[in-house]
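Structural description and commentary
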Amino acid sequence: MASDFVKVGKHQIDRKEYLAEGHTFCTGCGEALAIRLVCKAVGESAIIAMATGCDEVCTSPLPVTSWRVPWLHTLFENTGAEISGIEAGLKAMMRKGKVPERDVKFVAMAGDGGTSDIGLQSLSGAMERGHDFLYVCWDNEAYMNTGIQRSSATPYGASTSTAPAGRLSIGQNTQKKNLVEIFAAHGIPYVATACPSYPFDLMNKVKKGVDTKGPAYIHVLAVCPTGWRTVSGRTIEIGKLATETGIFPLYEIENGRYRITVEPKTLKPVEEYLLAQGRFRHLSPAEIANIQERVNRDYALLKDRAARSAAR
Ligand SMILES: Cc1ncc(C[n+]2csc(CCOP(=O)(O)OP(=O)(O)O)c2C)c(N)n1
Ligand SMILES: [Mg+2]
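Quick caveat, the model's predicted, so the values are computed rather than measured. (Residues numbered from 1 in each chain as written. Chains lettered and ligands numbered in written order. Predicted model: local features only at pLDDT ≥ 70, side-chain atom pairs only at ≥ 80, totals over all residues. Heavy atoms only, no water.)

1. Brief notes about the site of ligand 1
The test is simple: In these notes, residues near a molecule or strand are those with any non-hydrogen atom within 4 Å of it. Polar contact is the term for a pair of N or O atoms within 3.5 Å; when the atoms are in protein, one must be able to donate a hydrogen and the other to accept it, and sequence-neighboring residues count only if both atoms are side-chain atoms. Using a 1.4 Å probe, the Shrake-Rupley method yields the accessible areas, and only the shown protein chains count as cover for residues. We count a stretch as a helix when DSSP gives it H or I for four or more residues in a row; a strand needs E for two or more, and each element gets its number in order from the N terminus. Only Asp, Glu, Lys and Arg are considered charged in this grouping, and only Ala, Val, Leu, Ile, Met, Phe, Trp, Tyr, Cys and Pro are considered nonpolar; every other residue, Gly among them, is considered polar.
What surrounds ligand 1 is a group of 16 residues, the closest being G113, G114, A142, M144 and N145. In this structure, G113 approaches ligand 1 through a main-chain N or O atom, which is 2.8 Å from an oxygen atom. The separation between an oxygen atom of ligand 1 and a polar main-chain atom of A142 is 2.9 Å. Burial of ligand 1 by the protein chains amounts to 74% of its free accessible area of 590 Å². In terms of residue count, helix α4 (residues 112-118) provides more of the shell around ligand 1 than any other element does, three residues in total. The residue makeup of the shell around ligand 1, split by class, is five nonpolar, eight polar and three charged.

In structure tokens, the structure reads:
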């Protein structure tokens, strides 16, 4: 494929679609938009390994596929191992002259369940060994394609099918696992958060991630109208609210240095984000105040880390 770019402001955007139309994502799916943008930023030299999840189920129903780049379906447990093998194997074959030398972007993708629960071990191993790949997690904050079951990335207070809110329960009663900090603690060169509501920020980070030598990790917040019980036409707006309230700050950690990439002047109250979603609508004002307090604390910590990094 010959390259074909369009200039949008200072950004060069690939006109090609690597995720073909005809997929079966729900209307207003934030993940579908994120995949499309990530693939545009990676470009035609991608090889993608993808765990089971909405991403895989909606793009590869036999006998058709939406993928216009080489793509492999992996098990949950071995996405990290599989991308490691593809990278090491192909590079060895190039070294030995068995296949022509070419630039390949090794990319792995999985949902929050596939990343924070089932595939955590093999991904940790791949990062520790220092393979050259980008891993992107689509965080829709539950096991969505199997029926909205809670994962360890489901936020406190969300109602899911296996952690339903009711008279005796707030819904999910544990705190969201912080994958970004877990992977940053591996000491890998590039870690970032992103959201398709900020498409240029997302694509810039993806480009940095694939150009980084060694492992890179991007954690993408994917608004899920079906599981979050949101209006499908408000996906972009709700993704923005996640950042504007400080619930999902957009930042990157490059060689240990923190930088907030989209910084609201003042944070909006978390209530605006929470009450736009059916999964949080049962929360009392006291519970919302608790969540607000936690967000304030976490955001202050992030700002402090960014300020210290800038001073280094
Ligand atoms: C080892 C294993 N356990 C469970 C399943 C069933 N399963 C398929 S998709 C899925 C949910 C995946 O959730 P997530 O990774 O968050 O992706 P999403 O569907 O939310 O995009 C589950 C539990 C499976 N395929 N393999
Ligand atoms: Mg999920």
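Anyway, onward from the coordinates.
2. Here's the deal with the sheet that holds strand β6 (residues 134-139)
Basically, it comes down to this: A pair of strands is considered paired only if DSSP assigns at least 2 bridges between the two. Fitted lines through C-alpha atoms serve as axes, helices being fitted only where they are in contact, and the angles separating the N-to-C directions of these axes extend from 0 to 180 degrees. Any two residues having at least one pair of non-hydrogen atoms within 4.5 Å are treated as being in contact.
The strand order across the open sheet formed by eight strands is β4-β3-β5-β6-β8-β7-β9-β10, and the pairing between neighbours is mixed. Each end of this open sheet is capped by a strand with a single partner; those strands are β4 (71-73) and β10 (257-262). Pairs of neighbouring strands in the sheet enclose a mean axial angle of 15°, with direction left out of account. Its contacts with the sheet place helix α1 (residues 30-42) against β3 (46-50), β5 (105-111), β6 and β8 (216-221), and it is angled at close to 165° to β6.

3. Details of the coordination of the magnesium ion (ligand 2)
Quick reminder of the rule: Sites may look incomplete because water is not among the atoms; the donors themselves are N, O and S atoms within 2.8 Å of the metal, or within 3.2 Å for Na, K and Ca. Burial status follows relative accessibility: with a 1.4 Å probe on protein chains alone, a residue under 20% of its type maximum counts as buried, one over 50% as exposed, and anything between as partly exposed.
Within the first shell, the magnesium ion (ligand 2) binds the protein through D112 (OD), N140 (OD1) and A142 (O), at distances of 2.0 to 2.1 Å. Mapped onto the sequence, the residues coordinating the magnesium ion (ligand 2) show the spacing D-x27-N-x1-A. Overall, N140 belongs to the buried group, its relative accessible area being 6%.

4. Focus: the nonpolar core
We apply this condition: Only buried residues count toward a nonpolar core, which is a set of Ala, Val, Leu, Ile, Met, Phe, Trp, Tyr and Cys residues joined through side-chain atoms within 4.5 Å.
Ranked by internal contacts, the top residues of the largest apolar core, which has 60 residues, are I48, W67, M109 and Y273. Ranked by residues supplied to this core, first place goes to α1 with eight residues. If we skip the residues at most four places from it in the chain, I48 touches C39, W67, V69, P70, W71, L72, V107 and M109.

5. Examining the environment of V220
Summarising the element assignment, V220 is placed in strand β8. When the C-alpha atoms of V220 and G30 are compared, they prove to be 9.5 Å apart, with 190 residues separating the residues in sequence. Beyond its immediate sequence surroundings of up to four residues, V220 is in contact with A34, V136, C137, W138, D139, A194, C195, P196, L202 and F248.

6. Thoughts on the packing of aromatic side chains
Remark: the centre distance and the inter-plane angle together describe each pair of aromatic rings, the angle taken between the planes. Selection rule: Here a Phe, Tyr or Trp ring, Trp counted by its six-membered ring, pairs with any other such ring whose centre lies within 6.5 Å, and the pair is stacked when the planes are under 30 degrees apart, edge-to-face when over 60, and tilted otherwise.
Scanning the entire structure with this criterion turns up four aromatic pairs. Ring plane angle 20° and centroid distance 5.9 Å describe the contact between Y135 and Y217, whose orientation is recorded as stacked. Taken together, the positions of Y135 in strand β6 and Y217 in strand β8 put the pair 82 residues apart, joining distant regions of the chain. Each member of the pair, Y135 together with Y217, is buried.

7. Description of the pairing of β10
Regular strands place side chains that alternate from one sheet face to the opposite one. Bridging between strand β9 (residues 250-254) and β10 involves five bridges; their strand directions are antiparallel. When the bridges of β10 are listed, L250 appears paired with V262. In this antiparallel pair of consecutive strands, β9 and β10, the connection spans two residues, and N255 shows a positive phi of 45°.

8. Thoughts on the layout of surface pockets
This is how it is decided: Residues are said to line a cavity or pocket when one of their atoms sits within 4 Å of a point; the points come from a 1 Å grid over protein atoms alone, cavities being sets where a 1.4 Å probe fits but cannot get out and pockets being open sets with protein on both sides within 12 Å along at least five of seven lines. Grid points are joined across faces, edges and corners, and a volume is the space filled by probe spheres set on the points.
What the largest pocket holds in volume is close to 800 Å³. As for the largest pocket, its lining consists of 32 residues, of which K176, N178, I247, P249 and D298 are closest to the centre.

9. Here's the deal with the packing of α1 against helix α7 (residues 199-211)
Rules: The labels follow the angle: roughly parallel below 35 degrees, roughly antiparallel above 145, roughly perpendicular from 65 to 115, and oblique for the rest. Two helices crossing with the near one rotated counterclockwise from the far one by less than a right angle form a left-handed crossing, whereas a clockwise rotation gives a right-handed crossing.
At a minimum axis distance of 9 Å, the contact between α1 and α7 shows a crossing angle of 45°. Taken as axis vectors, α1 and α7 run oblique relative to one another. The two elements α1 and α7 meet at a crossing, and its hand is right-handed. Contacts between α1 and α7 involve L37, V38, K40, A41 and V42 on the former and, on the latter, P199, L202, M203, V206, K207 and V210. In terms of residue class, the contact of α1 with α7 is made up of nine nonpolar, no polar and two charged.

10. A few points about α7
Applied cut-off: Given the number of residues in a helix, its expected span is that number minus one, multiplied by 1.5 Å.
Across its 13 residues, α7 extends 18 Å between first and last C-alpha, which sits within 8% of the 18 Å expected from 1.5 Å per residue. Turning to α7, its buried residues number three or more, namely D201, L202, M203, K205, V206, G209 and V210.

11. A few points about the pairing of strand β2 (residues 11-14)
Where strand β1 (residues 5-8) meets β2, four bridges bridge the pair, whose relative direction is antiparallel. Residue pairing in the sheet places F5 in a bridge with D14 of β2.

12. Observations concerning the pattern of salt bridges
Keep this limit in mind: Salt bridge, as applied in this entry: a Lys or Arg side-chain nitrogen positioned within 4 Å of an Asp or Glu carboxyl oxygen.
All told, the structure shown has 20 salt bridges when counted by the stated rule. Residue D211 pairs with K105 through a salt bridge whose shortest N-O separation is 3.6 Å. Within this pair, whereas D211 is found in helix α7, its partner K105 is found in strand β5, the two being separated by 106 residues in sequence. The class of D211 is exposed, set by a relative accessible area of 57%. Close ionic contact of K176 with D139 constitutes a salt bridge, the shortest N to O distance being 2.5 Å. Of this pair, K176 sits in the loop between β6 and α6 (179-184) while D139 sits in strand β6, and the two are 37 residues apart along the sequence. Taking the relative accessible area as the measure of exposure, K176 reaches 28% and is therefore partly exposed. The buried category is assigned to D139, whose relative accessible area is 0%. A single network of salt bridges, built from pairs that share partners, joins D139, E141, K176 and R279.

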